[in-house]
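Structural features, examined
So you can see what is in the structure, the chains are spelled out below.
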Amino acid sequence: MNNTEIKKQLFELQKDNPESILWDICEKVLVDEHSFDTMAEFLLSLYRDNGLRYDLANEFFDAHVDEIESCIQDNLELAKKYIDIETFRIDASFLAYQIVLQELLLDLGLLKKEDAHF
């Protein structure tokens, strides 16, 4: 999938998912300056990127608390494995972000189900 195709899909996803984690992921890929040759490489670089965890400020949690809570409830066993109660806001935000990003990567065909981590 080339940049033009990915960009078109990301714009469509943003239009259909305002005020969502998916919208934020699309925005990051569409707006951020990065050193990757393709959007696909950039999307894949975000997946399981622990550095991203600390970019997620408390405002991200506040803006997406309902969606984060839903992701955690739908993936409770996984959440128990990854969420440390001492840093719940950051860990919960990161986990929900990664789950949504993984679904996007699967939908775009950039990740195979057997390679999925979350």
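In what follows, the accompanying structure is described.

The next point concerns helix 2 (residues 21-31). When helix 2 is considered as a whole, its buried residues turn out to be Ile21, Leu22, Ile25, Cys26, Val29 and Leu30. Of the surrounding secondary structure, the elements contacted by the buried residues of helix 2 are helix 1 (3-16), helix 3 (39-46), helix 5 (58-74) and helix 7 (88-107). The opening residue of helix 2 is Ser20, an N-cap whose side-chain oxygen sits 3.3 Å from the backbone nitrogen of Leu22.

Counting residues in hydrophobic clusters, the biggest one holds 38 residues, and the most contacted among them are Leu10, Ile21, Ile25, Leu43, Ile68, Tyr97 and Leu101. Elements that contribute at least two residues to this core include exactly helix 1, helix 2, helix 3, helix 5, helix 6 (76-82) and helix 7. No other element matches helix 7, which puts 11 residues into this core. Ignoring anything within four residues of it in the chain, the contact list for Leu10 reads Cys26, Val29, Leu30, Met39 and Leu104.

Here the focus is the pattern of salt bridges. Pairing is possible between side chains of opposite charge, provided their charged atoms come close. A full pass over the atoms with the stated rule returns 5 salt bridges. Here Arg89 ties to Asp62 by a salt bridge, and the two come within 2.5 Å at their closest N and O atoms. Remark: Asp62 occurs in helix 5 and Arg89 occurs in helix 7; sequence separation between them is 27 residues. Between Lys80 and Glu77 there is a salt bridge whose closest N-O contact spans 3.7 Å. Of the two residues, Lys80 and Glu77 both sit in helix 6, 3 residues apart, roughly one turn of that helix.

Bringing the environment of Phe94 into the picture now. Residue position: Phe94 is located in helix 7. Distance from Phe94 to Ile25, taken between C-alpha atoms, is 12 Å for residues 69 residues apart in sequence.

Inspection of every chain in the model, using the stated rule, returns 5 aromatic pairs. Pairing Phe36 with Phe42 gives two aromatic rings, centres 5.9 Å apart and planes at 45°, and the pair type is tilted. Phe36 gets classed as partly exposed once you look at its relative accessible area, which sits at 33%. Exposure remark for Phe42: the relative accessible area of 6% places this residue in the buried category.

Turning our attention to the side chain of Gln14. When you line up the elements, Gln14 lands in helix 1. For Gln14, a relative accessible area of 9% puts it in the buried group.

A separate point is unusual backbone geometry. A positive phi angle, close to 55°, is found at Glu19, a residue other than glycine. In this structure, Glu19 sits in the loop between helix 1 and helix 2.

Reading the values: the criteria
- Residues numbered from 1 in each chain as written.
- Predicted model: local features only at pLDDT ≥ 70, side-chain atom pairs only at ≥ 80, totals over all residues.
- Heavy atoms only, no water.
- Buried < 20%, exposed > 50% of the residue type's maximum accessible area, 1.4 Å probe, protein only.
- Helix = DSSP H or I, 4+ residues; strand = E, 2+ residues; numbered from the N terminus.
- Contact = heavy atoms within 4.5 Å.
- Polar contact = N/O pair within 3.5 Å; in protein donor to acceptor, adjacent residues only side chain to side chain.
- Core = buried A, V, L, I, M, F, W, Y, C linked by side-chain atoms within 4.5 Å.
- Salt bridge = Lys/Arg side-chain N within 4 Å of Asp/Glu carboxyl O.
- Phe/Tyr/Trp six-rings, centres within 6.5 Å; stacked < 30°, edge-to-face > 60°.

Honestly, it's all geometry; don't read function into it.
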